[in-house]
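Remarks on the overall topology
If you want the building blocks of each chain, they are given just below.
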Amino acid sequence: MKVSGHIIDIYNRTIFTGSLVINNGKIESIEHHDNVPDQFILPGFIDAHIHIESSMVTPFEFARIALGHGTVATVSDPHEIANVCGKAGVDFMINNAKHAGMKFFFGAPSCVPATSFENAGATLDVDDVNNLLGKDDIWYLSEMMNWPGVLHDDPDVLMKINCALNHGKPVDGHAPGLKGIDARVYISKGISTDHECYTLEEAQNKLSFGMKIIIREGSAARNFEALHSLIGSNPDMVMFCSDDKHPDELLQGHINLLVKRSLLLGYDLFDVLKIACINPVLHYNLPVGTLKLGDPGDFIVINNTKDWNVTQTYINGEIKCENSKSLLKPYKSEVINKFACAEIKPDSLSFPNNQSSIPVIKAIDGALVTEKMWVAPKVSGDMNVADTDRDILKICVINRYKDSKPSVGFINNFGLKDCAIASTVAHDSHNIIVVGDNDELMCQAINLLIKSKGGLSAVSTTMEKHIPLPIGGLMSDKTVE
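Presented here is a report on the structure given in the accompanying data block. Note that the structure is predicted; figures quoted are calculated from it, not measured. (Residues numbered from 1 in each chain as written. Predicted model: local features only at pLDDT ≥ 70, side-chain atom pairs only at ≥ 80, totals over all residues. Heavy atoms only, no water.)

**Digging into the overall build of the protein**
Tallying secondary structure elements over the protein gives 14 helices and 26 strands in all. Its C-alpha atoms give the protein a radius of gyration of 24 Å, near enough to 23 Å, the size a compact globule of 481 residues would have. Over its C-alpha atoms, taken along the principal directions, the protein stretches across nearly 85 × 50 × 45 Å. With 481 residues in all, the protein has 57% of them scored as buried. Partitioning the contacts of the protein with sequence separation of at least 6, the portion at a separation of at least 24 is 66%. A total accessible area of about 20000 Å² is found for the protein, and carbon and sulfur atoms account for 50% of it. (Helix = DSSP H or I, 4+ residues; strand = E, 2+ residues; numbered from the N terminus. Rg over C-alpha atoms; globule rule 2.2 N^0.38 Å. Buried < 20%, exposed > 50% of the residue type's maximum accessible area, 1.4 Å probe, protein only. Contact = heavy atoms within 4.5 Å. Areas by Shrake-Rupley, 256 points an atom, 1.4 Å probe, with all protein chains shown as cover.)

**Examining the packing of helix H4 (residues 126–133) against helix H6 (residues 155–166)**
Two packed helices can be described by the angle between their axes and the distance between those axes. Axis separation between H4 and H6 bottoms out at 9 Å; the angle between their running directions is 10°. Classified by the angle their axes make, H4 and H6 are roughly parallel. Between H4, through Val 126, Val 129, Asn 130 and Leu 133, and H6, the contact on the second element is made entirely by Asp 156, Met 159, Lys 160, Cys 163 and Ala 164. (Axes fitted to C-alpha atoms, helices over the stretch in contact; angles between N-to-C directions. Parallel < 35°, antiparallel > 145°, perpendicular 65-115°, else oblique.)

**Describing the side chain of Asn 399**
Looking at the secondary structure, you find Asn 399 in the loop between strand E21 (392–398) and strand E22 (407–412). A residue is classified by how much of its surface remains accessible, and Asn 399, at 8% relative accessible area, is buried. Within the structure, the side chain of Asn 399 is placed 3.4 Å from the backbone nitrogen of Lys 402, a separation counted as a polar contact. Excluding residues within four positions of it along the chain, Asn 399 makes contact with Asn 119, Cys 341, Ser 404 and Asn 431. (Polar contact = N/O pair within 3.5 Å; in protein donor to acceptor, adjacent residues only side chain to side chain.)

**Describing the sheet that holds strand E8 (residues 138–144)**
One open sheet holds the eight strands; their spatial order is E5-E6-E7-E8-E9-E10-E11-E12, and the pairing between them is parallel. Where the open sheet ends on each side, the last strands, each with one partner, are strand E5 (45–50) and strand E12 (238–241). Recorded for the sheet is a direction-independent mean angle of 30° between the axes of neighbouring strands. In terms of strand pairing, strand E10 (residues 191–194) meets strand E11 (residues 212–216) through two bridges, oriented parallel. Within E11, the position partnered with Thr 193 by the bridge is Lys 212. (Pairing = 2+ DSSP bridges.)

**Thoughts on the layout of surface pockets**
Quantified by volume, the second largest pocket comes out at close to 290 Å³. Lining of the second largest pocket is provided by 14 residues; of these, Pro 113, Asn 146, Asp 156, Val 157 and Lys 160 occupy positions nearest its centre. Ranked by residue count, the leading element in the lining of the second largest pocket is H6, at three residues. (1 Å grid on protein atoms, 1.4 Å probe; cavity = no way out; pocket = protein on both sides within 12 Å on 5 of 7 lines; lining within 4 Å. Points joined across faces, edges and corners; volume = space filled by probe spheres on them.)

**What to know about the packing of helix H12 (residues 255–264) against helix H13 (residues 269–284)**
Packing of H12 against H13 brings their axes to within 10 Å, and their N-to-C directions diverge by 160°. One way to sum up the angle between H12 and H13 is to call them roughly antiparallel. The crossing of H12 and H13 is right-handed. On H13, the residues touching Ile 255, Val 259, Ser 262 and Leu 263 of H12 are Leu 269, Val 272, Leu 273 and Ala 276. In terms of residue class, the contact of H12 with H13 is built from seven nonpolar, one polar and no charged. (Left-handed = near helix turned anticlockwise from the far one by under 90°. Nonpolar A, V, L, I, M, F, W, Y, C, P; charged D, E, K, R; others polar.)

**Looking at helix H14 (residues 439–452)**
Helix length check: H14, at 14 residues, gives a terminal C-alpha distance of 20 Å against a target of 20 Å (1.5 Å per residue), a fit within 8%. The element H14 is largely enclosed, with a buried count of 11 among its 14 residues. All of the buried residues in H14 are Asp 439, Leu 441, Met 442, Cys 443, Ala 445, Ile 446, Asn 447, Leu 448, Leu 449, Ile 450 and Ser 452. On the buried face of H14, the contacting elements are E21, strand E23 (419–423), strand E24 (432–436), strand E25 (455–460) and strand E26 (464–468). Lys 453, located one to two residues past H14, shows a positive phi value of around 60°. (Expected span 1.5 Å × (residues − 1).)

**Details of the pattern of salt bridges**
Scanning the model with the defined rule gives 22 salt bridges in all. A salt bridge links Lys 206 to Glu 202, with the shortest nitrogen-to-oxygen separation between them at 2.7 Å. With Lys 206 and Glu 202 both in helix H8 (residues 200–208) and four residues apart, this pair spans about one turn of that helix. Taking the relative accessible area as the measure of exposure, Lys 206 reaches 1% and is therefore buried. Within the structure, one salt-bridge network assembled from shared partners comprises Arg 13, Asp 268 and Asp 271. (Salt bridge = Lys/Arg side-chain N within 4 Å of Asp/Glu carboxyl O.)

**Thoughts on the packing of aromatic side chains**
Evaluated as defined, the whole model comprises eight aromatic pairs. Consider the rings of Phe 104 and Phe 106, whose centres lie 6.0 Å apart with planes at 10°: the pair is stacked. Pairing Tyr 140 with Tyr 284 gives two aromatic rings, centres 5.4 Å apart and planes at 65°, and the pair type is edge-to-face. Linking Tyr 140 in strand E8 with Tyr 284 in helix H13, this pair joins segments that are 144 residues apart in sequence. Pair check on accessibility: Tyr 140 and Tyr 284 agree, each one buried. Feature note: the residues Phe 62, Phe 104 and Phe 106 constitute an aromatic cluster, connected by ring pairs. (Phe/Tyr/Trp six-rings, centres within 6.5 Å; stacked < 30°, edge-to-face > 60°.)

**Re the sheet that holds strand E14 (residues 310–315)**
If you walk across this open sheet you meet the eight strands as E3-E2-E1-E4-E13-E14-E15-E16, and the pairing is mixed. Because the sheet does not close on itself, it has two edges, and the strands there are strand E3 (26–32) and strand E16 (325–326). By the bridge criterion, two bridges tie strand E1 (residues 2–9) to strand E4 (residues 40–42) in an arrangement that is parallel. Note on E4: the bridge partner recorded for His 6 is Phe 40.

**Section: the pairing of strand E2 (residues 14–23)**
Two elements, E1 and E2, share eight bridges in a ladder whose sense is antiparallel. Within E2, the position partnered with Val 3 by the bridge is Leu 20. What sits between the antiparallel neighbours E1 and E2 is a turn of four residues, in which Arg 13 has the positive phi angle 55°. Sheet topology note: the E2/E3 ladder contains six bridges and is antiparallel. Note that in E3 the partner of Ile 22 across the bridge is Ile 27. Taking the residues between adjacent antiparallel strands as the criterion, E2 and E3 are bridged by two residues, where Asn 24 takes a positive phi near 55°.

This is how it looks when you write it as structure tokens:
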């Protein structure tokens, strides 16, 4: 097979006319010649850190859309499904991805459970993590979010890191806000990346200690605006990721949008493409083609370097997507889950009045961090209740893995009135979390999710809406659309 056009050679920072000759899935030769179609050939894009579960669809469905945006591979952390289903959840992701045509590179989740303050569905201890890291289809130790454990030499944390290093596999980091001596110590333990930097100062500090920075622009957290100057100053030490990509935004684009955005800001074409296409391959030692002789035939064809419309996507020399239309054969996913709680009644969400002031979570729009405030409660009878005049609503967590008393508190800045919203997409343990101003409506939203064994719900006095997510309470068995 031969594919011709203007070939973008990122390594040599040049564009020339010619053809790729593909044989047995690999680039057999690269020919230089004129008279080529008016199209450009380049390596495909790689998302350097993503939780596929957060797209609320399976790896197969994710690939069906992402291939059309020029994505050929992802570095995927199955942390969410592992916190629900343990090793079986990791196996599910790997097996589902085998049908997807795209290259998924999964890590061994390092923090299952993520915290001791909540019940998760599973535990992955040091032996479990080491066994996963010994597999050929596990490529790295997923984000080590327990940075306090790293700094305080928690033996289990350090053993998990050393397991990865002993297997010759990199360790991903997760340490928002960490700087100075603490960052240096954290990095010195063998942790090589961080996608959680939210200020340029923090990113530059971590870079100074040799850590690679993954610029994140996802659906929930967006750091591109703060960090994009690193594209010009440190192109060898930077990668792009989305971390999470909700289905509506996945339909609009993926890493290709960050490439276009970077170029519009005036950054060098070859620097941007090195970040989007090459750096993840080098850092994680991925078997993904980058247009070198003998490489797998992983590449994309675009109309031009202004519009960046992807016309074809190739994986191992096979065309998987043409003009944004997936060529994948339909695949029906199995369903895996863990759900073992009974429906509840409104009185289980009550909060007795026994103090003059109560702690309230203050949500901050557009931020992952929250603040704490103390307020005098609104009292009805002998119970503390929501107060919509001050936008103080009730928030509850219900253990989905066994019957137990709900945890009840209060939250500010949601702005809801006469309604409730609930979700089993609730990082990191993915229990049921609900916010509302009315115990009856909150109970209704919760029970919708219990009946369907996971999903998203919203109810008011006049209507209810419900999206089931039967796979782990995280993913749908339906299409992205």
